[in-house]
Amino acid sequence: MKITIVGSGKVGSSIARLLAIKQLADEIVLIDINEGLAKGTALDLLHASSIDHHACRIVGTKDYEFAEDSELYIITAGAPRNPGMSRKDLFDKNAKIAVEVSENIKRVSNSRSKIIVITNPVDAISYVVKKVTGFDRRRVIGLSGVLDSARMRFYIAQELDVAPENVTAIVIGGHGNHMVPLVKYSTVGGIPITQLLSREKIEEIVERTKRGGAEVLETMGFSAFSAPASSVVEMIESIIKNKRKILPCSVYLQGEYGVNDCFIGVPVVLGKNGLERIIEVELDEEEKKKFLESINEVRSLIEKINL
Ligand code: APR
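Think of each chain on its own: its residues are numbered from 1, step by step along the sequence as written. Per-residue local features are limited, in this predicted model, to residues with pLDDT of at least 70; the limit for side-chain atom pairs, both in listing and counting, is 80 or more; totals at the level of whole chains, interfaces and linings are taken over all residues. The basis for every side-chain value is the complete set of non-hydrogen atoms in the structure, without hydrogens or water.

### Here we look at the pattern of salt bridges
Throughout this description, the term salt bridge denotes a Lys or Arg side-chain nitrogen within 4 Å of a carboxyl oxygen of Asp or Glu. Per the counting criterion, the structure on display carries 20 salt bridges. Connected via shared salt-bridge partners are Glu159, Lys201 and Glu204.

Written out as structure tokens, the structure is:
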């Protein structure tokens, strides 16, 4: 199992470490324009291999030839999102990087290769990656709801003092201010959270979930990397082990939820082909309104891009 990670910064290196420790790959290629960072990160991870009990080959490079025929390409390459930076500014910078990275992946990948996009704003960047590579929609998936749901699951677990893994939550919509946490589908040990928490408490949790990424960014001065990396690894595991987990991810809609030609977060089944199928859940009027707002936000970013 060969997995290439483009961008060996904080998120990329954290993903590589988890993949090696969990023995999900026997070959990891770390690519970065900063070749020293890629090479150094690879060496640092290899130095830990005897203690971490893996024999994974890890290569750090700026050369895409090493990434030929990977099962998965994980795109984390991007400019840092500084506090106060608008999503539009971030998109303009990262879209250029995504075009270059996608052209390279298109050149070295094969017909089975799949791409997971992490670079923000992820819904709009995934659109760029799909357009440039020409991959069908099963093979381009963005990280969004798994991370947002993980944050919501943690806050619910913290409030009830129970194990976070006991909590389920689904967050759909855009990965950002317009995410839509679906409260009625959140349960703890199978019990709807509406039976365990007051309406005010749930509201508080929803708001804190929406601000989860921003809170980390404001607190430490750069964006989160541990929870994003763990979320991506859950997606990777479902794909390469064909687990067919239902996970909320950003995917290209073709009529589902009444939406066409846009990436947005919805519950999907992830398996060996990547996106196996999209699950359409019932939304109430308020959720539909918020979902539409997030679609409009993504569209406002991608409408001017000429691909
Ligand atoms: N090709 C390859 N690598 C690139 C390119 C490029 N064209 N442009 C930038 N990079 C690399 C940078 O050199 C850097 O090492 O991408 C890496 C990004 O790493 P960090 O700045 O540490 O950012 P990180 O915290 O890992 O976040 C990456 O994930 O969650 C999202 O919003 C986050 O978009 C961001 C991405």
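### Things to note about the domain arrangement of the protein chain
Annotation of the protein chain at the domain level lists domain 1 (2-142) and domain 2 (145-302). For domain 1 and domain 2, the distance between their C-alpha centroids amounts to 22 Å. Contacts between residues were defined by any pair of non-hydrogen atoms, one from each residue, lying within 4.5 Å. Taken together, the contact pairs 35 residues of domain 1 with 40 residues of domain 2. By convention, the term buried area covers the 1.4 Å-probe accessible surface removed from two parts as they join, with the contributions of both added. Roughly 3,400 Å² is buried in total at the junction of domain 1 and domain 2, and carbon and sulfur atoms are behind 72% of that figure. Three residues stand out in domain 1 for area buried against domain 2, namely Asp123, Tyr127 and Arg137, and they jointly supply 22% of the buried area on that side. For the pair domain 1 and domain 2, the interface holds three salt bridges. What marks off one domain from the next here is an automatic or database domain assignment.

### As for the nonpolar core
Put simply, buried Ala, Val, Leu, Ile, Met, Phe, Trp, Tyr and Cys residues joined by side-chain atoms within 4.5 Å make one nonpolar core. Classification of residues uses two cut-offs on accessible area relative to the type maximum, computed with a 1.4 Å probe and protein chains only: under 20% is buried, over 50% is exposed, and between them is partly exposed. Within the largest apolar cluster, 80 residues are counted, with the highest numbers of intra-cluster contacts made by Ile15, Ile28, Ile74 and Phe291. Here a strand is any run of E in DSSP of at least two residues, a helix any run of H or I of at least four, and the numbering for each starts at the N terminus. Among the elements that make up this core, the one with the highest residue count is helix 5 (residues 122-133) (seven residues). Split by domain, this core shows at least three residues from each of two domains, domain 1 (2-142) and domain 2 (145-302). Discounting residues that sit within four places of it in the chain, Ile74 has contacts with Ile3, Thr4, Ile5, Val6, Ile15, Ile116, Ile118, Val232 and Ile236.

### What to know about the environment of Asp69
Here Asp69 shows up in the loop between strand 3 (57-61) and strand 4 (72-75). The spatial distance from the C-alpha of Asp69 to the C-alpha of Val108 is 6.3 Å, given a sequence separation of 39 residues. Among residues more than four places away in sequence, those in contact with Asp69 are Lys2, Val108 and Asn110. Each polar contact in these results corresponds to two N or O atoms within 3.5 Å; when the atoms are within protein, one needs to be able to donate a hydrogen and the other to accept it, and residues that are neighboring in sequence are counted only if both atoms are side-chain atoms. Separated by 3.2 Å, the side chains of Asp69 and Asn110 make a polar contact.

### Some words on the site of the ligand
Near the ligand lie 16 residues; those nearest to it are Lys10, Val11, Asp32, Thr76 and Asn120. Separating an oxygen atom of the ligand from a side-chain N or O atom of Asp32 is a distance of 2.6 Å. A distance of 3.3 Å separates an oxygen atom of the ligand from a polar backbone atom of Gly78. Each accessible area value is a Shrake-Rupley result obtained with a 1.4 Å probe; residue values ignore everything except the protein chains displayed when judging cover. Here the ligand loses 88% of its free accessible area of 730 Å² to cover by the protein chains. Breaking the shell around the ligand down by element, the ones donating at least two residues are helix 1 (10-21) and helix 4 (87-108). Of the residues assigned to the shell around the ligand, the class counts are seven nonpolar, six polar and three charged. The criterion for a residue being near a molecule or strand is simple. One of its heavy atoms has to lie within 4 Å of it. Gly counts as polar in this scheme, as do all residues outside two lists: the nonpolar Ala, Val, Leu, Ile, Met, Phe, Trp, Tyr, Cys and Pro, and the charged Asp, Glu, Lys and Arg.

### Focus on the packing of helix 4 against helix 5
Close contact between helix 4 and helix 5 brings their axes to 9 Å; oriented N to C, the two are set at 35 degrees. Here the hand of the crossing between helix 4 and helix 5 comes out right-handed. Across from Phe91, Asn94, Ala95, Ala98, Val99, Ser102, Glu103 and Lys106 in helix 4, the residues of helix 5 making contact are Ala124, Ile125, Val128, Val129, Val132 and Thr133. Across the contact of helix 4 with helix 5, the residue classes break down as nine nonpolar, three polar and two charged. Note on definitions: angles span 0 to 180 degrees between N-to-C directions of axes, and those axes are lines fitted to C-alpha atoms, for helices only across the stretch in contact. Two helices crossing with the near one rotated counterclockwise from the far one by less than a right angle form a left-handed crossing, whereas a clockwise rotation gives a right-handed crossing.

### Looking at the side chain of His54
Topologically, His54 is positioned in the loop between helix 3 (49-52) and strand 3. Engagement of the side chain of His54 in a polar contact is seen with the backbone nitrogen of Cys56, the distance being 3.2 Å. Apart from the residues within four sequence positions on either side, His54 is in contact with Ala20, Ile21, Gln23, Leu45 and Ser49.

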